[in-house]
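One letter stands for each residue in the lines below.
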Amino acid sequence: GGVKLSRSLDEVKQYASAMLGTRMATYQSAGMALPIDTVLVTQATDIAKELYLSLLVDRSTKSITFITSSEGGVDIEQVAAETPTRSRPCTSTTSRACSRSSAARSG
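On a predicted model such as this, the values are computed, not experimentally measured, just so you know. (Residues numbered from 1 in each chain as written. Predicted model: local features only at pLDDT ≥ 70, side-chain atom pairs only at ≥ 80, totals over all residues. Heavy atoms only, no water.)

## Description of the environment of Asp-37
Phase 1 of the analysis: Tracing the backbone through its elements, the reader meets Asp-37 in the loop between strand E2 (34-35) and strand E3 (52-58).
Phase 2 of the analysis: Sequence separation between Asp-37 and Met-19 is 18 residues; the distance between their C-alpha atoms is 8.4 Å.
Phase 3 of the analysis: Only 3.3 Å separates the side chain of Asp-37 from the side chain of Thr-38, close enough to count as a polar contact. (Helix = DSSP H or I, 4+ residues; strand = E, 2+ residues; numbered from the N terminus. Polar contact = N/O pair within 3.5 Å; in protein donor to acceptor, adjacent residues only side chain to side chain.)

## Notes on the sheet that holds E3
Phase 1 of the analysis: Ordered by their spatial adjacency, three strands build an open sheet running E3-E4-E5, and the pairing between neighbours is antiparallel. Edge positions in the open sheet fall to E3 and strand E5 (87-92), since each of these has one partner strand only. This sheet shows a mean twist of 20° between the axes of neighbouring strands, independent of strand direction.
Phase 2 of the analysis: By the bridge criterion, seven bridges tie E3 to strand E4 (residues 63-69) in an arrangement that is antiparallel. Of the residues in E4, the one forming a bridge with Leu-56 is Thr-65. (Pairing = 2+ DSSP bridges. Axes fitted to C-alpha atoms, helices over the stretch in contact; angles between N-to-C directions.)

## A look at the side chain of Thr-65
Phase 1 of the analysis: Of note, Thr-65 is situated in strand E4.
Phase 2 of the analysis: Polar side-chain contacts of Thr-65 include one of 3.0 Å to the side chain of Thr-91.
Phase 3 of the analysis: For Thr-65, the contacting residues outside a window of four places in its chain are Ser-54, Leu-55, Leu-56, Pro-89, Cys-90 and Thr-91. (Contact = heavy atoms within 4.5 Å.)

## Description of the side chain of Ser-69
Phase 1 of the analysis: Tracing the sequence through the fold places Ser-69 in strand E4.
Phase 2 of the analysis: One polar contact links the side chain of Ser-69 to the main-chain amide nitrogen of Glu-71, over a distance of 3.1 Å.

## Notes on a nonpolar patch on the surface
Phase 1 of the analysis: Residues Leu-53, Leu-55, Val-57 and Ile-64 make up a contiguous nonpolar surface patch of roughly 380 Å² in combined accessible area.
Phase 2 of the analysis: The element contributing the most residues to the nonpolar patch is E3, with three residues.
Phase 3 of the analysis: As for its placement among the helices and strands, Leu-53 is situated in strand E3.
Phase 4 of the analysis: When its relative accessible area of 55% is taken as the criterion, Leu-53 is described as exposed. (Patch = residues over 30% accessible without salt bridge, like charges linked within 9 Å, V, L, I, M, F, W, Y side chains within 5 Å. Areas by Shrake-Rupley, 256 points an atom, 1.4 Å probe, with all protein chains shown as cover. Salt bridge = Lys/Arg side-chain N within 4 Å of Asp/Glu carboxyl O. Buried < 20%, exposed > 50% of the residue type's maximum accessible area, 1.4 Å probe, protein only.)

That's the geometry; what it means functionally is another story.
Right under this line is the structure:
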């Protein structure tokens, strides 16, 4: 995957050099290998609880689907496949909004 945890500046340089100029295929790119021309580097922090929230726009139905999960987002597709009760979609149109309780049911 594209997320790497580095313990030193040398490791950051090593990971970045190995990634830049290559291509990566993910679920988000529908398997299409896209070029990696930028690497985001940030300081690691202690995470007490990781959650996932995604908004998908469907122009054909003029709706937005919110996907929430209590399991974080690194491998959300795997979480949804293996434990579907921990990942909840909620679709909203201009006439119907998602309720707070529907989002809370994901964990």
